[in-house]
Amino acid sequence: MDATPILIVGGGPVGLALAGDLGWRGVRCLLVEQSDGSIYQPRQDLVGIRTMEFCRRWGLVPAVEASPYPRDVPQDNVYVTSLTGYELGREQFPSMGADRPPSVSPQKRERCPQNMFDPILRAFAASHPAVELRYRTRLISVSQDSDGITAEVEDGRGGRSPIRACYIAGCDGGRSVVRETLGIAMSGNPALTHTTNVIFRCPHLLLLHDKGEAYRFIIIGPEGTWATIVAINGRDQWRFSIIRGPQERELGTDEIHAAIRRAVGVDVDYEILSVVPWVRRELVADRYRNGRGFVLGDAAHMMSPTGGFGMNTGIGDAVDLSWKLAAVEEGWGGPDLLDSFEAERRPVGMRNVAEASRNLRRMLSPQPDPALFDDSAAGARERERFGRAFADAMRHEWFTLGMHLGYRYAESPICWPDGSAAPPDDPKTYVPTARPGHRAPHAWLADGRSTLDLFGHSFVLLGLSADAADVRPLTEAAARRGVPMRFIPLDAPDLLTLYERRLVLVRPDGHVAWRGDTAPADPLAVIDCVRGASRRGAGRTATGVSSQALATSA
Ligand SMILES: Cc1cc2nc3c(=O)[nH]c(=O)nc-3n(C[C@H](O)[C@H](O)[C@H](O)COP(=O)(O)OP(=O)(O)OC[C@H]3O[C@@H](n4cnc5c(N)ncnc54)[C@H](O)[C@@H]3O)c2cc1C
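Every value quoted in this text rests on a predicted model; they were computed, and no experiment measured them.

A. Expanded view of the pattern of salt bridges. Enumeration according to the criterion identifies 44 salt bridges in this entry. Among the ionic pairs, Asp-418 bridges to Arg-515, the shortest N-O distance being 2.6 Å. Of this pair, Asp-418 sits in the loop between helix 11 (401-405) and strand 19 (459-464) while Arg-515 sits in strand 22 (residues 512-516); the two residues are 97 residues apart in sequence, bridging distant segments of the chain. In the salt-bridge network here, residues are joined through shared partners; they are Asp-320, Lys-324, Glu-344, Arg-507 and Asp-509.

Given below as structure tokens:
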């Protein structure tokens, strides 16, 4: 029987990110994916700023920047009655090549559609000897016992075989078999809209209208926003989304052609490449863990794409779970460490799903006055009024630094609160803070690196003009518990101002676990807390079975 410490189900962006991060940590895992990995119709295209920070950690920024999405296409969002109709408003954004990172990050968000981004993650995962990727392999069922899980998988020829693992990570998307077999329900709204996505090729589309190159056109009719057109490769392919209400109704071919004609405003030649009807949902799994099974990505949360949070939230899940699985596998993770995955990530899932729905409501809600479509002075005034109001509302969706960088692990059992007040969790604004539970902030170091470049492989104890006597108790406590920790002294007054304490303990995922100006009164208690071993008693190390035990049982 095949045996692996960690079985990952699903080779979408989230499963690949989990496999890649585990492999990067040297932890063995096996990923099974039912398809051959080709993308029939790309969904995500916004790689958020936090995901780009992870890509930086993994050395993938050059690959993302070199992806075929053109770097010179302005990323404007344009509000129109049709491509050849009235322009009601526009939010201008530079092209990827011209854009620059904000001061709070060494990276910026990128446009890298799924058919370009998944292969980057796949190559990254495959580059680690600890990772095995098995395509055309479908999970059929899972059962678990006190020692591990047994999965039944089916290969491309219909042959079935069992795989034994310590843990199973369900990255198998919205219809997750893992979630179902773990008995985890989802709560929320199962149908916000029924939408039809049509990818069509039309090399001369830009020549037909005067709106110029842009990332997205939002099309407004008498009924309000009814469709969007997105430049998916920046040149000749477009994703046309026809948005309908919550009642199910598939569109016929004639209706699709009529809708394209209406959105463009004139007759046009084009070739339809694919049509995918899909349901926009607002759902979060009631639990993220059941025993030895976890759900993450779309298996754990399904949200409207308005905001581009779905994959980015899922990759955040993968980064959170990965170091915890590694800690348990390496023997220094405590018995409560894996439970902290749900405590930390489920509230983020709820938050992001809710904001995505708010964005959807903002996009769909305005009902234009019929005068908006009149070729008259009154029509021009209405277009001006509507355009300004709509642009104001849509800015919530376009400016989301707070969403991507400001999430925090407020209820985390493995962060040691320091009593300081949290900055507001505002979707738009990110306030850098090194408060426990938050992303350790970025600052440039004298040698040209970012603080973020210091984090990743182990815990890092930052010493910002700290006394050596205050450092030792923590490094010794970490050594006693076998917790990998690097002490990095930095004599940088600006950094002390930003991080606010002389000692800051940063976790392998880049979140702050503890901070103080002097050594904690009980350093072992702090180390046991941050490795998830405080509630059920210090001194215990790994949960579950080791891969060695598994190999024996297999
Ligand atoms: C129109 C649209 C635009 C979007 N834009 C963005 C965006 O710009 N930014 C963003 O962050 N998000 C965006 N999203 C959301 C994003 O696409 C998803 O959140 C993301 O793809 C989820 O990744 P995942 O790996 O969790 O799941 P998936 O991408 O669904 O991957 C799941 C994988 O599991 C495999 N699988 C399923 N069952 C099994 C099984 N039994 N055995 C083996 N394999 C299995 C599937 O074949 C699939 O490859 C968008 C979504 C839509 C619909």
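B. Representation of helix 9 (residues 339-364) in the model. Here helix 9 is 26 residues long and its end C-alpha atoms lie 38 Å apart, about the 38 Å a rise of 1.5 Å per residue gives. Along helix 9, the largest kink reaches about 25° and is centred on Arg-345; proline Pro-347 follows within four residues of it.

C. A look at unusual backbone geometry. Positive phi, normally seen in glycine, also occurs at Arg-136, with a value near 50°. Tracing the sequence through the fold places Arg-136 in the loop between strand 7 (131-134) and strand 8 (137-144). Positive phi, close to 70°, is recorded for Glu-500, a residue that is not glycine. As for its placement among the helices and strands, Glu-500 is situated in the loop between helix 13 (493-499) and strand 21 (503-506). According to the relative accessible area criterion, Glu-500 is partly exposed, its value standing at 43%.

D. Spatial organisation of the site of the ligand. Near the ligand lie 29 residues; those nearest to it are Glu-33, Arg-43, Leu-139, Asp-298 and Met-311. Within the contact set of the ligand, an oxygen atom lies 2.8 Å away from a side-chain nitrogen or oxygen of Arg-43. Within the backbone of Asp-45, one N or O atom sits 3.1 Å away from an oxygen atom of the ligand. For the ligand, whose unbound accessible area comes to 1,000 Å², protein coverage reaches 89%. Within the shell around the ligand, the residues separate by chemical class into 11 nonpolar, 11 polar and seven charged.

E. Representation of the sheet that holds strand 20 (residues 485-490) in the model. Spatially, 20-19-21-22 is the arrangement adopted by the four strands of the open sheet, whose pairing is mixed. In the strand order of this sheet, the two ends are held by strand 20 and strand 22, each with one partner. With strand direction ignored, the average angle separating the axes of adjacent strands in the sheet is 15°. One ladder, built from six bridges, connects strand 19 with strand 20; its direction is parallel. Across the sheet, residue Gly-463 finds its bridge partner in strand 20, namely Pro-489.

F. Structural detail: the nonpolar core. If you look at the biggest cluster of nonpolar residues, it comprises 83 residues, and the most contacted ones within it are Leu-7, Ile-8, Trp-58, Phe-117, Leu-296 and Ile-315. No other element matches the eight residues that helix 8 (residues 310-330) contributes to this core. Beyond its immediate chain neighbours, meaning those up to four positions away, Leu-296 contacts Val-14, Leu-18, Ala-169, Gly-170, Cys-171, Asp-317, Ala-318, Leu-321 and Phe-341. Among the nonpolar cores identified, the runner-up in size contains 24 residues, and Ala-214, Ile-219, Ala-227 and Ile-229 belong to it.

G. Seen up close, the packing of helix 1 (residues 13-24) against helix 8. Between helix 1 and helix 8, the shortest axis-to-axis distance is 8 Å and the interhelical angle comes to 30°. Between helix 1 and helix 8, the angle falls in the class roughly parallel. The interaxial crossing formed by helix 1 with helix 8 has right-handed handedness. Only Met-311, Gly-314, Ile-315, Ala-318, Ser-322, Leu-325 and Ala-326 of helix 8 make contact with helix 1, whose side of the interface consists of Pro-13, Val-14, Ala-17, Leu-18, Asp-21 and Leu-22. Split into classes, the residues belonging to the contact of helix 1 with helix 8 amount to 10 nonpolar, two polar and one charged.

H. Summary view of the packing of aromatic side chains. Under the counting rule described, the total for this entry stands at 14 aromatic pairs. Relative to Phe-294, the ring of Tyr-167 lies with its centre 6.1 Å away and its plane at 50°, an arrangement referred to as tilted. Remark: Phe-294 occurs in strand 17 (residues 293-295) and Tyr-167 occurs in strand 10 (residues 160-170); sequence separation between them is 127 residues. Like Phe-294, Tyr-167 is buried. Residues Trp-332 and Phe-459 carry aromatic rings whose centres are separated by 6.0 Å and whose planes lie at 70° to one another, so their mutual orientation is edge-to-face. With Trp-332 in the loop between helix 8 and helix 9 and Phe-459 in strand 19, this residue pair connects regions lying 127 residues apart in the sequence. For the residue pair Trp-332 and Phe-459, the accessibility class agrees, reading buried in each case. Above the ring of Tyr-215, the side-chain terminus of Arg-111 is found at 3.4 Å from the ring centroid. A cation sits over an aromatic face here: Arg-383 above Tyr-86, 3.6 Å from the ring centre.

I. Region of the structure containing the environment of Asp-21. Among the secondary structure elements, Asp-21 is positioned in helix 1. When the C-alpha atoms of Asp-21 and Glu-65 are compared, they prove to be 20 Å apart, with 44 residues separating the residues in sequence.

J. Up close: the pairing of strand 2 (residues 29-32). Going residue by residue along strand 2, you find Cys-29 and Leu-31 tucked away on one face and Leu-30 and Val-32 tucked away on the opposite face as well. Relative to strand 2, strand 1 (residues 2-9) is paired through three bridges, and the arrangement is parallel. By the bridge assignment, Val-9 is partnered in strand 2 with Val-32. Crossover strand 1 to strand 2 through helix 1 is right-handed. For strand 2 and strand 7, the ladder comprises four bridges, and the chain directions are parallel. Its bridge partner being in strand 7, Val-32 is matched across the sheet by Arg-134.

K. Broad picture of the packing of helix 8 against helix 9. Two elements in contact, helix 8 and helix 9, have axes whose closest approach is 10 Å; the angle formed by their N-to-C orientations is 175°. In terms of their interaxial angle, helix 8 and helix 9 are classed as roughly antiparallel. Contacts from Thr-313, Gly-316, Asp-317, Asp-320, Leu-321 and Lys-324 of helix 8 reach helix 9 at Ser-340, Phe-341, Glu-344, Arg-345, Gly-349 and Asn-352. Counted by class, the contact of helix 8 with helix 9 contains two nonpolar, five polar and five charged residues.

About the cut-offs
- Residue indices begin from 1 for each chain and proceed along its sequence in written order.
- Local features are withheld for residues below a pLDDT of 70 in this predicted model, meaning they are given only at 70 or higher, and side-chain atom pairs are given and counted only at 80 or more; totals for whole chains, interfaces and linings count all residues.
- Remark: hydrogens and water are excluded; side-chain values derive from all non-hydrogen atoms of the structure.
- Whenever a carboxyl oxygen of Asp or Glu lies within 4 Å of a side-chain nitrogen of Lys or Arg, that contact is scored as a salt bridge.
- Put simply, DSSP H or I for four residues or longer makes a helix, DSSP E for two residues or longer makes a strand, and each gets a number counted from the N terminus.
- An expected span of 1.5 Å times one less than the residue number is assigned to each helix.
- Fitting one axis to the seven residues ending at a residue and another to the seven starting there, the bend at that residue is the angle between the two axes.
- Whether a residue is buried, partly exposed or exposed follows from its accessible area with a 1.4 Å probe, protein chains only, as a fraction of its type maximum: under 20%, in between, or over 50%, in that order.
- In these notes, residues near a molecule or strand are those with any non-hydrogen atom within 4 Å of it.
- Nitrogen and oxygen atoms within 3.5 Å of one another constitute a polar contact, given that in protein one can donate a hydrogen and the other can accept it, and given that sequence-neighbouring residues count only through two side-chain atoms.
- To measure how exposed things are, a 1.4 Å probe is used in the Shrake-Rupley method; for residues, cover is taken only from the protein chains shown.
- Charged means Asp, Glu, Lys or Arg here, nonpolar means Ala, Val, Leu, Ile, Met, Phe, Trp, Tyr, Cys or Pro, and polar covers whatever is left, Gly included.
- Should DSSP find at least two bridges between two strands, the strands are taken to pair.
- The angle between two axes is taken between their N-to-C directions and runs from 0 to 180 degrees, where each axis is a line fitted to C-alpha atoms and a helix contributes only its stretch in contact.
- Each nonpolar core is a collection of buried residues, namely Ala, Val, Leu, Ile, Met, Phe, Trp, Tyr and Cys, held together in the definition by side-chain atoms within 4.5 Å.
- Note on definitions: a residue-residue contact is assigned when non-hydrogen atoms from the two residues lie within 4.5 Å.
- Put simply, angles under 35 degrees are roughly parallel, angles over 145 are roughly antiparallel, angles from 65 to 115 are roughly perpendicular, and the rest are oblique.
- Left-handed describes a crossing in which the near helix is turned anticlockwise from the far one by less than a right angle; the clockwise case is right-handed.
- Two aromatic rings from Phe, Tyr or Trp, using only the six-membered ring of Trp, form a pair when their centres are within 6.5 Å; if the ring planes differ by under 30 degrees the pair is stacked, by over 60 it is edge-to-face, and anything between is tilted.
- Ring-over charges, as used throughout, are those where CZ of Arg or NZ of Lys falls within 6 Å of the ring centre and within 35 degrees of the ring normal.
- Crossovers are marked right-handed if the path from the first strand over the helix to the second runs clockwise, as seen with the strands pointing away from the viewer.

All quantities given are derived from atomic positions and should not be read as evidence of function.
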